[in-house]
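Observations on the model geometry
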Amino acid sequence: MQYKKINNLLGWLCFVIASVTYILTLEPSVSFWDCGEFISCAYRLQVAHQPGYPVFAMLGKLFSLLSFGDNTKVPYFTNLGSAVASGATIMFLFWTITALAKKMLLNKRDDVVDKYNLILIMGAGLVGALAFTYTDTFWFSAVETIVFALSSLCTAIVFWAILKWDAHADEQGADKWLVFIAYVIGLSIGIHLLNLLTIPAIAMVYFFRRSKNITVKNGILAFLAGIVILGLVQYGIRGYTIKFAAYFDLFFVNSLGMGFGVGAFFFLLLIVVALVFGILYSIRTKKPVLNLALLCVAFIYFGYGSFAYIPIRASANPNLNNSHPDNAFTLYGYLNRIQYGETPLLSGPYYDATVTDQKEGSIIYRKGKDKYENAGRKIETEYSHTTLLPRMYSTEGQDVQFYKDWLRIPDGQAPTFVDNMKWMFSWQMYQMYWRYFFWNFVGRYSDADGQTSTENIDGNWTTGIFDGSRHLPKSVTNATTYTPLYALPLIIGLIGGFYHLNRKKKDALIVLLLFFFTGLAIVLYVNQPSVQPRERDYSYVGSFYAFAIWIGIGVIAIAEFARKYINANTAAVGSTVICLLLAPVLLASKEWKDHDRSTKWTAHDMAYNYLISCPPNAILFTYGDNDTYSLWYDQEVEGIRPDVRIVNLSLFTGDWYIRQMQGKMNQSAPLPITMPYDKYKEGVRDVIYYNDQKIAGPVEVKEVFDFISSDDKATQVQYQSGDYGNYLPTKNFKITINPEEVLRNKVITPDQVGKLAKVMEWKYTSNYITKDNLAMLDILAHNHWERPICFTTTIGNDNLIGLQPYLYKEGFTYRLIPFEKDTTKRDQLGKANTMVMYDNVMNKFKFGNFKNARYLDHESTSMFYPVMTSTFIDLAQNLMQEGHNDLALKVLHKYDQEMPDITPYIDVAGRKLFLAQLAFQLNDVVMGKKLVKSIDDYVIDQLDYNYHLLSSGASNVNVRDVQISMQLLNGISDFSKESKQTAITAQVDAQLKDYMKKFAPVLGGQ
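These notes cover the structure that comes with them. (Residues numbered from 1 in each chain as written. Predicted model: local features only at pLDDT ≥ 70, side-chain atom pairs only at ≥ 80, totals over all residues. Heavy atoms only, no water.)

**Quick word on the environment of Phe 299**
To keep things clear, this is the line we draw: In this text, helices come from DSSP runs of H or I with a minimum length of four residues, and strands from runs of E with a minimum of two, each type numbered from the N-terminal end. The classification of residues rests on relative accessible area computed with a 1.4 Å probe and restricted to protein chains. Under 20% of the type maximum is buried, over 50% is exposed, and intermediate values are partly exposed. Here, residues are in contact when the closest pair of their heavy atoms is within 4.5 Å.
You can see Phe 299 is positioned in helix α12 (residues 288–304). By relative accessible area, Phe 299 is classed as partly exposed at 28%. Filtering out sequence-adjacent residues up to four positions away, Phe 299 remains in contact with Val 179, Ala 182 and Tyr 183.

**A word on the packing of aromatic side chains**
Here is the rule: Pairs were defined over the aromatic rings of Phe, Tyr and Trp, the Trp ring being its six-membered one, requiring ring centres within 6.5 Å. Orientation was assigned from the angle between planes: stacked under 30 degrees, edge-to-face over 60, tilted for the rest. In this analysis the charged atom, NZ for Lys or CZ for Arg, is taken to sit over a ring once it is within 6 Å of the ring centre and within 35 degrees of the ring normal.
Tallied over the entire structure, the rule returns 84 aromatic pairs. When the ring of Trp 406 is compared with that of Trp 423, the centres are 6.5 Å apart and the planes differ by 80°; the resulting orientation is edge-to-face. Of the two residues, Trp 406 is situated in helix α15 (residues 399–407) and Trp 423 in helix α16 (residues 417–441); the sequence distance between them amounts to 17 residues. When its relative accessible area of 0% is taken as the criterion, Trp 423 is described as buried. Its guanidinium or amino end placed over the ring of Phe 140, Arg 597 lies 4.3 Å from that ring's centre, counting from NZ or CZ. The aromatic ring of Phe 819 is capped on one face by Lys 755, whose charged end is 4.5 Å from the ring centroid.

**Quick word on the sheet that holds strand β17 (residues 807–809)**
Put simply, the test is: A pair of strands is treated as paired once DSSP finds two or more bridges between them. Orientation is described by lines fitted to C-alpha atoms, with helices fitted over the stretch in contact, and by angles between N-to-C directions that extend from 0 to 180 degrees.
Taken in spatial order, the five strands line up as β8-β7-β16-β18-β17 in an open sheet, and their pairing is mixed. Edge positions in the sheet fall to β8 (645–648) and β17, since each of these pairs with one other strand and no more. Averaged over all pairs of adjacent strands, the angle between strand axes in this sheet comes to 30°, irrespective of strand direction. As paired elements, strand β7 (residues 619–622) and strand β16 (residues 789–792) share three bridges and run parallel to each other. Its bridge partner lying in β16, Leu 620 is registered against Cys 790.

**Focus on the environment of Thr 653**
For the record, the criterion: Polar contact is defined as a pair of N or O atoms within 3.5 Å, subject to the rule that within protein one atom must be able to donate a hydrogen and the other to accept it, and that residues adjacent in sequence are counted only when both atoms are side-chain atoms.
Tracing the backbone through its elements, the reader meets Thr 653 in the loop between β8 and α25 (655–661). Put simply, Thr 653 and Val 962 are 309 residues apart on the chain and 42 Å apart in space, counted from C-alpha to C-alpha. For Thr 653, the contacting residues outside a window of four places in its chain are Lys 771 and Asp 772. Separated by 3.4 Å, the side chain of Thr 653 and the backbone oxygen of Ser 650 make a polar contact.

**Some points on the sheet that holds strand β13 (residues 732–736)**
In spatial order, the strands read β10-β13-β14; together these three strands make up an open sheet with mixed pairing. In this open sheet, the two edge strands, each paired with only one partner strand, are β10 (699–700) and β14 (759–763). Where β13 lies against β14, five bridges are found, and the strand directions are antiparallel. Across the sheet, Asn 732 pairs through a bridge with Lys 763, a residue of β14.

**Here's the deal with the pattern of salt bridges**
Quick reminder of the rule: The rule for a salt bridge is simple: a side-chain nitrogen of Lys or Arg has to be within 4 Å of a carboxyl oxygen of Asp or Glu.
One pass over the structure, following the stated rule, counts 38 salt bridges. The partner of Glu 636 in a salt bridge is Arg 44, and the shortest N-O contact between them spans 3.1 Å. Of this pair, Glu 636 sits in helix α24 (residues 629–636) while Arg 44 is found in the loop between α2 (35–43) and α3 (54–64), placing the two residues 592 residues apart along the sequence. Residue classification places Glu 636 among the buried residues on the basis of a relative accessible area of 5%. On the accessibility criterion, Arg 44 (32% relative accessible area) is partly exposed. A salt bridge links Asp 166 to Arg 209; the shortest N-O distance between them is 3.2 Å.

**Remarks on the packing of helix α10 (residues 216–255) against helix α11 (residues 262–284)**
Filter applied, for reference: When describing relative orientation, an angle under 35 degrees is termed roughly parallel and one over 145 degrees roughly antiparallel, while 65 to 115 degrees is termed roughly perpendicular and anything else oblique. The hand of a helix crossing depends on one turn: near helix anticlockwise from the far one by less than a right angle means left-handed, and clockwise means right-handed. When residue character is reported, Ala, Val, Leu, Ile, Met, Phe, Trp, Tyr, Cys and Pro are called nonpolar, Asp, Glu, Lys and Arg charged, and the others, Gly included, polar.
Packing of α10 against α11 brings their axes to within 6 Å, and their N-to-C directions diverge by 130°. It follows from the interaxial angle that α10 and α11 lie oblique. Like other packed secondary-structure pairs, α10 and α11 cross with a definite hand, here right-handed. Residues Thr 241, Phe 244, Ala 245, Phe 248, Asp 249 and Phe 252 of α10 lie in contact with α11, whose contacting residues are Val 262, Gly 263, Ala 264, Phe 266, Phe 267, Leu 268, Leu 270 and Ile 271. A breakdown of the residues in the contact of α10 with α11 according to their chemical character gives 11 nonpolar, two polar and one charged.

**Things to note about the pairing of strand β3 (residues 372–383)**
Alignment of strand β2 (residues 355–367) against β3, held across nine bridges, turns out to be antiparallel. Looking at β3, one finds that Ile 363 is bridged to Arg 377. Between β2 and β3, which pair antiparallel in sequence order, lie four residues.

**Some remarks on the nonpolar core**
Heads up, the condition is: Only buried residues count toward a nonpolar core, which is a set of Ala, Val, Leu, Ile, Met, Phe, Trp, Tyr and Cys residues joined through side-chain atoms within 4.5 Å.
Of all hydrophobic cores here, the largest spans 310 residues; its most connected members are Phe 621, Phe 652, Leu 780 and Phe 791. The element contributing the most residues to this core is helix α4 (residues 74–105), with 17 residues. Apart from the residues lying within four places of it in its own chain, the contact partners of Leu 780 are Val 701, Ile 735, Trp 762, Ile 789, Ile 801, Leu 803 and Leu 816. Among the nonpolar cores identified, the runner-up in size contains 15 residues, and Leu 250, Ala 264, Ala 298 and Ala 328 belong to it.

**Remarks on helix α23 (residues 602–612)**
Burial of α23 is extensive: 11 of the 11 residues sit out of reach of the surface. Along α23, the residues classified as buried are Thr 602, Ala 603, His 604, Asp 605, Met 606, Ala 607, Tyr 608, Asn 609, Tyr 610, Leu 611 and Ile 612.

**Quick notes on empty space enclosed by the protein**
As a reminder, the rule being used: Using a grid of 1 Å spacing that covers the protein atoms alone, one calls a set of points a cavity when a 1.4 Å probe fits there but cannot get out, and a pocket when the set is open and has protein on both sides within 12 Å along at least five of seven lines; lining residues are those with an atom within 4 Å of a point. Grid points are joined across faces, edges and corners, and a volume is the space filled by probe spheres set on the points.
Using the criterion set out here, one finds five cavities of 30 Å³ or more in the structure. Approximately 130 Å³ is the volume attributed to the largest cavity. Lining the largest cavity are 16 residues, with Asn 319, Leu 320, Trp 632, Tyr 657 and Gln 660 sitting closest to its centre. Elements that contribute at least two residues to the lining of the largest cavity include exactly α24 and α25. Considering every element that reaches the lining of the largest cavity, the biggest residue donor is α25, with four residues. The residue inventory of the lining of the largest cavity, partitioned by class, reads nine nonpolar, five polar and two charged. Approximately 100 Å³ is the volume found for the second largest cavity. Taken together, 13 residues line the second largest cavity, and the ones lying closest to its centre are Ser 152, Thr 155, Leu 194, Val 541 and Gly 542. Of all the secondary-structure elements, those providing two or more residues to the lining of the second largest cavity are α7 (147–168) and α21 (541–562). In terms of residue count, α7 provides more of the lining of the second largest cavity than any other element does, four residues in total. For the lining of the second largest cavity, the per-class residue count stands at seven nonpolar, six polar and no charged.

**Structural notes on the pairing of strand β18 (residues 813–816)**
Of the two faces of β18, the one carrying Thr 813 and Arg 815 and the one carrying Tyr 814 and Leu 816 are both buried. Of the strand pairs in this sheet, β16 and β18 are connected by three bridges, and their pairing is antiparallel. Its bridge partner lying in β18, Cys 790 is registered against Arg 815. Inspection of the sheet shows β17 paired to β18 by three bridges, in the antiparallel sense. Its bridge partner being in β18, Tyr 808 is matched across the sheet by Arg 815. Between β17 and the antiparallel strand that follows it, β18, lie three residues; Gly 811 among them carries a positive phi value of about 140°.

So far we have only geometry, and geometry alone does not tell us how the molecule works.
Rendered as structure tokens:
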């Protein structure tokens, strides 16, 4: 059979194997993080978060149509789009490996491929491609609606295409492959920017193939040219095209009096005309290099033209319309993620630098009624001292303390450049890149977040070879996420990489460039300040792809070594079979169990529980990604509770978002925000600072709001610059309650009237008011209890602005209810509107197949399982306090029926202790004993592991876990005595005595 036919057939076989794998393990509904937003934006062609993903949205829409009107199937088919794209990535990886292998094994391109070489080339392709199929990071993105699956496909196509060009570069018309690459790169900008990082490698392929004078000097120049091209595409075509269009639009609108968009369109027309004339000129003057360059630029623009989707859809005002980028200036800020702030790269401050001066920079323009308006100026900050390559620059949140803890910098000691480099190599590079690399090719302990320690087992890598002697906790070794790979894929890849470098240096260098630019170069460019909201391994999947090429080449290296001792064909077949077993088969067998999401529904059902907990027409305040994006999906795609208005407080700081909230959305009426746009538009009331006026007693929220939103200069303070600004005169707020309003709007039932407060009084908790707080105060001042105000139970305390005494759980939400303050409650957020919450939890909640799912991801186990557990505890405790012991027992049985017996971390064992205590108090001894056994097994498991660490002299004993474990054993001992469970008491007391002795050096006198 011809080489080409075998190559094509096996490539398609890889596609089928990978696609079937991903389809079998596909998540049937929405996943956590960005997936809910992406599905919603694809299904209804809406505008997602910066920097926009138009091609991804349009392709997602195409796959969503396969649901044929069954909206509950939409996420399955958009997830299917990722699975098919990922399968295609594997196919192109196979063809990439075989192209490189063929080039390496044959002396000339046209040589006949003999049997030995055919087996080796195809074996290399199969091993490398199928190994990558089952790697942790790539598989994770392949089964959900996320941009990284399609982005990987673009990377695979582009790298395969440059090798196709390389194979045919001497033939007429071969440069069509370069034009094709340019078009895919342009399109890929509308998916994700990661694909641009292939450009330096592509430039080197072009240099090695076309240059007649290959020297080290020329090679360096070619490499630098690749960097320049990358910069021109990233900043020139992608960025400055829109920036220049914006300033053209400014001139046409403000100076010539034309409509918005005319100037931008004129500038884009100029680009088209310039490219057309340039291409015609290059043809007439027979300048092929210029012609090729201009054609590539033109086709990048053709692909990049997909971004016309963004202002077109923004102008249509869809429900999800992030930043509302309907004009060139907003679009430029949107594309460049300006709202996320700027990260210093080559020069900047250390975290201990003080601000010495602030200067006004360029004007910030916003779209007005018929002209662009001045919204202020960018502030350029000067610092007391700066450094090259600033890595430890952030002063946000806990970042400074984390720097100090990580590097053991004493308080009062200034960071040095050596510290700066230590941070870069130890945390940014090792912890946030190499650790991820090892996950994929060495093995992994668990999917716990492991950003904060190189020593702990949580989220760390492991070969598994020596784990038997480490006395690892059963909670790790028995978990689906424990995936030791014995470093075998890494070893094969390293063998392949060294062999490739020795045998074909130029090609190895190209793969190395791809590996570097899609891995460590991202680390250097992104310059992550400190601990991230989630692990970031998905960002580096391109470099894992590059390493998989070397896993394939490893087959050839091993066979070439073996043929010195055995028959060549036997060596080729043997090497292929052995490497298939040690890489793809091993990876598949180990990784399948923690990538099979086919039975997981937690993201969908947790969002459903948020919505179903809300009364009719509620306003639901959320904050984070995982309590917002899945909500958007449930509402926007499946139409669940369209009467509820979801308000994400992290977006509520944007004038565009407040403006959206003043309009109707689905079946939700506009929010009671009375401010006209001019009072909160960009540059107006961005921050209002507290200036204590010593006002006696609390002030009505409406009076406070009127004062801080007034344009009367008598209510403002004048700054040194001469500008005026509002200020917050008091933090003591109140709302006088009108009982008729509260009853009429069914905030309370008639039998709850006796609990009603005359006045709600609380203290605002911040020293300034931002736009989200301003809009919230507007709602509180003018809602008159007409719409229920709710907060997700996962929201941070800072976002509650001091309202905790009046917040009552009704399921997965807190509802604002004007009951008299209950000062007996230590935990003000543990209160419940009990019977409403009982109905929601027992009769309306869905439980995401929690108990029977074959795999639960990190968010399901570490975020929502504890939340669900706390929900049941709070409900049961409140029912018991109100004398409903029979209902409380039903609540415990419902928990036992729906929730799995897992303990993701020690604090969850503490929550289970409350459940056990409640079970004994309600005389359910069977359930109580079951919970006690679960807690005891987990605690003893953790104590034994920590004692092993202590006795072996390790420094990473988890003292907090030891202390909490002892407290839990004490707790079990105490309430088992009260419940007269003598057997439990005797067992736990013996354990306590034993471990108190063992951990005396750690616990001291505790």
